[in-house]
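Structure assessment
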Amino acid sequence: MRTIDLISFDLVASVMATAAWTAAAILFPLVHTRSPSEDPNTAGHWRSPSAAVTGQRRAWVLYLILILGVTFVCLQVAAVALLAPRGWWFVQEKVLFAVPLAVVCCAAALVASHPVRRAAEHIVPVDRAPAAPTLMVTAALACGAGIVARLVVGYPFGWPAALTLLLLVLLGSWLAYSLFSPSAKRTVAGAAVLVLITLVASLGLAWLADLRRPDALATAHNHAAATDGTPEQALSALPSPASVPVTELRLPPDAAGPVRRFELTAREEQLVLDSGVTASAWTFGSVPGPEIRVSQGDLVEVRLRNRDVAAGVTLHWHGYAVPNGDDGVAGVTQDAVLPGEEFTYRFIATDAGTYWFHTHQASAEGVRRGLFGAFIVLPPEGIAETVDVTLPLHTLARTVLLGDSSRARSRVVAPGETVRLRLINTDQEPTRFRLAGASFRVVAADGHDLTGADEITGAALRVPAGGRLDLSLTMPGTAVLLATDSSSRTSLTLLPDKGAGSGGIMVDAAAADLDLLAYGAPAKSLPRGDGVVRSEMVLDRLPRFRGGVPRDSSTVNGAVFPHIPTLAVRAGNRVELTVVNRGYDTHPMHVHGHHVRVLSRDGRAATGSALELDTFDVRPGEVWTVAFIADNPGIWMDHCHNLDHAAEGMMMALAYRGISTPFSHGGEAGNRPE
Ligand SMILES: [Cu+2]
């Protein structure tokens, strides 16, 4: 059973247990009851034989519901027992809080409900004493508190949350007792007020914590200093060098290399797509933007102008290890470029491969509307293939574009020619590409070559949001079809000659995904580095205050940007990240300025070619461990590349000790890195 299925199973069992105990508490007064002060021999006798039968039936129904309540709690225990070996992150709040509380409260309620069983078996009335129904309410509240622990508090689950929930269960039980007990009616108002105060106080504290907005980015340096002394940081406890601003982490003016100059002008425009749809787009002149293609070793100089994109714009070089000052993150490495302004990016094209650029200011909207393009770096000797096709996949105005077209297109490639297809997913969701008509090799992932890539046929190629795959194939004498699961309308067919038909070629829609973790020849392991920094990122969907308003949020370790503590590292450290997905969304995690080596997924080590990714899809219930050597000083964002999730809080910074930034979130430029 998949981890996420066990998570769902536990949740459903908790909800059903809560419902059963709530129903039991509601039904209890309907079962024929007598006051404990009444004489059992005279009082509470049934008015008629039919009333006796009805009373017994009701007692049976109630008894059945109690058994259901207990059964669902047992199922919950079983689900947690099966889930626990998958990782502490998935069960912490269940093992420490939800399960013990539910078991104790439900056992107590069952014991107190013994008279219900007697009433069901023998036609006798049930005491109207408040203990039994109160404990049924307590059991319902206990099961409900477990659900709140899972769906509201999340991981990590600390003492403040546990004590608050426990207090609410106790106060709720007291309120129920007051309602069920004729002598305690006067305390109803008092209990209700205390419940209200506890709720308002805990929400108020969460609200205040959100208002105290630490600028995670401006204070990254301080965070870095503050983590000294933790075991992982022991090696970093060296005198911190004087703070270097990110603006100084740029290419020196006299840097050498053949200069390649480009100019990109951002604008708002109405774009008519080849589907006939008109899109309100933000573009660099077209969607996708003009491709920037250079050679390894070139000095790339890109002048970005903003004509009229009111939200502002920047250029981030996705997956490319540029100097930090050219990373293009508004509020971290620069201010957003507002209408009429410009900014010039300069860096050496150190690595060959398939990359892309996009705005990193209000990027959830900016990238979606079209502020992106491909960035291709050729090795000095060129690539092995003779035909080189760049295929960004993007959804604009609900129209899926492969390259710049939403239609099925074809291209003539002579048989025997070699073709490289550069697949780039610039969307928010993962996609699958499928290729039919030829065997092929996946020669690169996220710009990095894969070694020992075997020829494969038919496999589905899953590409995370922001990810890239390079395919290489030799053109056969018949048609080759590249299609995507994102749309049945757009595709690319390679034809051996102009007059050739596609021959009714179809992709295998049922083919299984190629697992890149087991593809290619095993690689040598990542260097040990100079000291190890380990960190966990537990991803979830939880309600959190953002901007003073409670919202459905995408969280890291229970927090949202800018409240997620910055991860502090020192140049030379080996950084190991464990990324865990407790939720139901897929999170394509993106690390700026570095490529991460995938070590394992769900505890199984990667066995294929070294997988050096900048964007890796952590699917529901998955646990990934990745590592990289901190070799590019700066303040770098780590975030989900489903940019809606980033905007919902799933974004944090990784900062090298001794680096600071003069930029901040908001400010006069209205910086919004997400
Ligand atoms: Cu996400």
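Our structure's up above, just so we're on the same page.
On a predicted model such as this, the values are computed, not experimentally measured, just so you know.

1. A closer look at the side chain of Arg 422
Tracing the backbone shows Arg 422 in strand β15 (residues 418-425). Side-chain polar atoms of Arg 422 contact the side chain of Asp 470, separated by 3.4 Å. Beyond its immediate stretch of four places on either side in the chain, Arg 422 contacts Arg 293, Gly 353, Thr 354, Ile 376, Leu 378, Ile 383, Asp 388, Val 389, Thr 390, Leu 391, Leu 469 and Asp 470.

2. Points about the sheet that holds strand β6 (residues 289-295)
Strand order in this open sheet of 4 strands is β6-β11-β10-β8, and the pairing throughout is mixed. In the strand order of this sheet, the two ends are held by β6 and β8 (316-318), each with one partner. On average, each strand axis in the sheet is tilted by 25° relative to the strand beside it, whichever way the strands run. Pairing of β6 with strand β11 (residues 372-378) involves 5 bridges; the strand directions are parallel. The residue bridging Val 294 from the neighbouring strand is Val 377, located in β11.

3. Quick look at the sheet that holds strand β16 (residues 431-436)
Reading across the sheet, the 5 strands line up as β14-β22-β21-β16-β19 and stay open at both edges, with mixed pairing between neighbours. Taken across any chain shown, the strands that pair with only one partner, and hence form the sheet edges, are β14 (408-412) and β19 (461-463). Along the sheet, successive strands turn relative to each other by an average axial angle of 20°, direction set aside. Looking at chain direction, β16 and β19 are connected through 3 bridges and run antiparallel. Paired with Arg 432 across the two strands is Arg 462, which belongs to β19.

4. Quick notes on the packing of helix α3 (residues 88-112) against helix α5 (residues 131-153)
The interhelical angle for the contact between α3 and α5, taken along N-to-C directions, is 165°, at an axis separation of 8 Å. Taken together, the axes of α3 and α5 lie roughly antiparallel to each other. α3 and α5 meet at a crossing whose hand is left-handed. Contacts from Glu 93, Lys 94, Phe 97, Ala 98, Leu 101, Ala 102, Cys 105, Cys 106, Ala 108, Ala 109 and Ala 112 of α3 reach α5 at Ala 132, Leu 135, Met 136, Thr 138, Ala 139, Ala 142, Cys 143, Ala 145, Gly 146, Ala 149 and Arg 150. When the residues that make up the contact of α3 with α5 are grouped by side-chain class, the tally is 17 nonpolar, 2 polar and 3 charged.

Conventions adopted
- Counting restarts for each chain, with residues numbered from 1 along the sequence as it is written.
- Local features in this predicted model are restricted to residues whose pLDDT is 70 or higher, and side-chain atom pairs enter the listing and the counts only when it is 80 or higher, whereas totals over whole chains, interfaces and linings include all residues.
- As a convention, hydrogens and water are excluded, and side-chain values are obtained from all of the structure's heavy atoms.
- Secondary structure follows DSSP: runs of H or I at least 4 residues long count as helices, runs of E at least 2 residues long count as strands, and numbering of each begins at the N terminus.
- Pairing of N or O atoms within 3.5 Å defines a polar contact, subject to two protein rules: one partner must be a possible hydrogen donor and the other a possible acceptor, and residues neighboring in sequence count only if both atoms are side-chain atoms.
- Throughout, a residue-residue contact means that at least one pair of heavy atoms, one from each residue, lies within 4.5 Å.
- Here the rule is simple: two strands pair whenever DSSP picks up at least two bridges between them.
- Axes here mean lines fitted to C-alpha atoms, for a helix over just the part in contact, with angles spanning 0 to 180 degrees between N-to-C directions.
- Should an angle fall under 35 degrees it is called roughly parallel, over 145 degrees roughly antiparallel, and 65 to 115 degrees roughly perpendicular, with every other angle called oblique.
- By convention, the crossing between two helices is left-handed when the near helix turns anticlockwise from the far helix through less than a right angle, and right-handed when the turn is clockwise.
- Think of it as three bins: nonpolar holds Ala, Val, Leu, Ile, Met, Phe, Trp, Tyr, Cys and Pro, charged holds Asp, Glu, Lys and Arg, and polar takes everything else, Gly as well.

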